[in-house]
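Each chain, letter by letter, is given below.
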Amino acid sequence: MKNPYEYLLSGMGFVFIDLNAFGLPDILPDFIGYLLFAYGIHLLPSFHNLKRWSKNFAIILMIMSFFVELYQWLGYQILGEIGVQFMQFLFIVFMYWVFQLLLHIHNNKPLEAKTFKTYQKFMAFMLCGFVIQAFSINFDASMRGNVHFIGSLFQLLSSLLFINLCRTCNEYFKKIKENKVHSLE
Amino acid sequence: MEERDYDLFDALKKRPDKEPDVDFSNEIRQKLQKTHLKKTTRFSIATILTVPVTLAVLLFVFMIGTGQSFELKNAAQLTTEWEKDLTIIVCIFLMLALSSFILFVYFKGLTKGRLVYMTFSLSFFAWIGNLVYAEHRNIDETIVQPSYSESYDYKSKRDNIDEIQQKQDSYLMKTNEGGIK
């Protein structure tokens, strides 16, 4: 059985990191990240409706992000910076559903407390970062860059928290797997 | 001294039946209640809000009725200068208020419900509002000046410049003729 948390972790990496140095298009495109998210959610052990919804949401986001990032290859912007920010907002909403699903799966398990704490911090920091970046448009040109940077720092922190949660879940999943193998022997 | 203190502490600990002075606490409670009632009757939010508002309305009605207007040109100039700072202050205030609301909701431990959906909707409306406001102020035009834009009507401007040049030429011609005469 494949580990779903590895896919969630790599999905987060693909979505959050933009490596478009030397005039090249993004090496880690967002739509592959959403595809990994969808596959990771598909592998999660649950039959709740949340799983279906979040998986469909990930597929919709994958298609949308493909069209938003199309300008990197075609040089034609569909919505420009507004589209990127709108995708960011949709990503936060999507992560809310992912966390709902994870909280449902980790219910009454040792990971529950960690998942809940990460959910609290992740959502708060991510939304705060979004709000700060939204308000940074109307600041002076001198302040704009700094305020935008503070917003991105919040979002970086929240993504690091999610990666940390995924790592702990990964270790827990591996332990369960090993125990199962031992019990079979 | 230390031993005595410990002894006293133990003695107090061993007597949970000993209640504090009931009459005294009752008295304090009644006093507090009375002062609270007095405070609410004297300085309620309604009076604090209504008195200056009614005064302002009366002043406005008086101004309209008598047709007078205050000479506040200098103040108006100052306000236009301060307008920029004020918008920044309002922006920062709104941003901090919204961020603190989001932090409050999530650190309270809410996963579902009206408040959680409110954080999403409020942050979305904040984003839309900022975009609309930035569009209204046309901030980008002052920073980025494009060398060519499709919306700029070059032909009509060219015609206008030609007209002005023609007028100037004709005026110069007339003045020259006047000078010769």
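Residue positions are given per chain, counted from 1 along the sequence in the order it is written. Just so you know, chain letters begin at A and ligand numbers begin at 1, following the order they were written in. Given that the model is predicted, a residue must reach a pLDDT of at least 70 before its local features are reported, and side-chain atom pairs must reach 80 or more before they are shown or counted; all residues, however, enter totals for whole chains, interfaces and linings.

J.: Explain the overall build of chain B to me, please; I cannot follow it from the model alone.
T.: Where helices and strands are cited, they refer to DSSP runs of H or I of at least four residues and of E of at least two residues respectively, numbered from the N terminus. Each helix and strand counted, chain B has seven helices and zero strands in total. The secondary structure elements of chain B, listed N-terminal to C-terminal, are α-α-α-α-α-α-α. Residues classed as buried in chain B amount to 6% of the 181 residues present. Once C-beta atoms are placed from the backbone, each residue is buried if 20 or more other C-beta atoms lie within 10 Å of its own, exposed if 12 or fewer, and partly exposed for counts between those two.

J.: Explanation requested: the overall build of chain A in the structure shown.
T.: Tallying secondary structure elements over chain A gives seven helices and zero strands in all. In sequence order, the secondary structure elements of chain A are arranged as α-α-α-α-α-α-α. The buried share among the 185 residues of chain A stands at 38%. Residues are defined as contacting one another if the C-beta atoms placed from their backbone atoms lie within 7 Å. Once local pairs closer than 6 in sequence are excluded, the contacts in chain A between residues at least 24 apart make up 63%.

J.: Could you clarify how one ought to interpret the interface of chain A and chain B in this entry?
T.: One widely used convention gives an interface's size as the accessible area the parts lose upon coming together. The interface of chain A with chain B comprises 21 residues on the first partner and 24 residues on the second. Of all the secondary-structure elements, those providing two or more residues to the side of chain A that touches chain B are helix H5 (81–105) and helix H6 (112–135) of chain A. Counting residues per element, the side of chain A that touches chain B draws most heavily on H6(A), which supplies ten residues. Amino acids outside the nonpolar list (Ala, Val, Leu, Ile, Met, Phe, Trp, Tyr, Cys, Pro) and the charged list (Asp, Glu, Lys, Arg) are all regarded as polar, and Gly is one of them. Its residues assigned to classes, the side of chain A that touches chain B comprises 16 nonpolar, four polar and one charged.

J.: Help me understand helix H1 (residues 4–16) of chain A, please; the structure alone is not making it clear to me.
T.: Every α-helix carries 3.6 residues per turn, so stepping three or four residues along brings you back to the same face. With 13 residues, H1(A) should cover 18 Å at 1.5 Å per step; its first-to-last C-alpha distance of 18 Å lies within 8% of that length. Taken residue by residue, H1(A) has Pro4(A), Tyr5(A), Tyr7(A), Leu8(A), Leu9(A), Gly11(A), Met12(A), Phe14(A) and Val15(A) as its buried positions. Given the number of residues in a helix, its expected span is that number minus one, multiplied by 1.5 Å.

J.: Got a minute to help me understand the confidence of the model for chain B in this structure?
T.: Low pLDDT marks stretches whose predicted atomic positions should not be read closely. Residues and elements named next belong to chain B. Taken as a whole, chain B shows an average pLDDT of 72; of its residues, 56% reach a score of 70 or greater. Every residue is assigned a pLDDT by the predictor, reflecting its confidence on a scale from 0 to 100. Averaged pLDDT values for the elements of chain B fall to 49 in helix H6 (residues 139–143) and rise to 87 in helix H5 (residues 114–137). In this model, residues 140–146 is a region of pLDDT below 50 whose contacts with residues beyond four sequence positions or in other chains number one contact. Per the prediction output, this complex has pTM 0.65; the corresponding ipTM is 0.84.

J.: How should I be thinking about the nonpolar core in this particular structure?
T.: What tends to happen in soluble globular proteins is that the nonpolar side chains get buried as a cluster. Core analysis: the largest hydrophobic core is formed by 56 residues, its most contacted members being Met95(A), Leu127(A) and Val131(A). Listing elements by their share of this core, those giving two or more residues are H1, helix H2 (30–43), helix H3 (49–68), H5, H6 and helix H7 (141–184) of chain A together with helix H4 (73–107) of chain B. Broken down by element, this core gets its largest block of residues, 13 residues, from H6(A). Aside from chain neighbours lying at most four places away, what touches Val131(A) is Met95(B), Leu98(B), Ser99(B), Ile102(B), Ser123(B) and Ala126(B). Buried Ala, Val, Leu, Ile, Met, Phe, Trp, Tyr and Cys residues whose C-beta atoms connect them within 7 Å together make up a nonpolar core.

J.: Help me understand the environment of Lys121(A) in this model?
T.: All names here are of chain A. Structurally, Lys-121 is set in helix H6. The spatial distance from the C-alpha of Lys-121 to the C-alpha of Leu-157 is 9.1 Å, given a sequence separation of 36 residues. Each residue touching Lys-121, except ones within four places of it in the same chain, is listed here: Ser-158 and Leu-161.

J.: Honestly, the packing of H3(A) against H5(A) in this entry has me stumped. Any pointers?
T.: Two numbers describe a pair of packed helices, the interaxial angle and the distance between the axes. Residue and element names in this part refer to chain A. For helices, the fitted axis covers only the stretch in contact; all axes are lines through C-alpha atoms, and the angles between them, taken along N-to-C directions, range from 0 to 180 degrees. Where H3 contacts H5, the two axes come as close as 10 Å, and the packing angle between them is 160°. In terms of axis orientation, H3 runs roughly antiparallel to H5. Seen from above, H3 lies across H5 with left-handed handedness. In contact with Leu-50, Lys-51, Trp-53, Ser-54, Phe-57, Ala-58, Leu-61, Met-64, Ser-65 and Val-68 of H3, H5 contributes Gly-83, Val-84, Met-87, Leu-90, Phe-91, Phe-94, Trp-97, Val-98, Gln-100, Leu-101 and His-104. Considering only residue class, the contact of H3 with H5 consists of 15 nonpolar, five polar and one charged. To sort the angles, those under 35 degrees are grouped as roughly parallel, those over 145 as roughly antiparallel, those from 65 to 115 as roughly perpendicular, and the leftovers as oblique. For a crossing to be left-handed, the near helix must be turned anticlockwise from the far one by less than a right angle; the clockwise case is right-handed.

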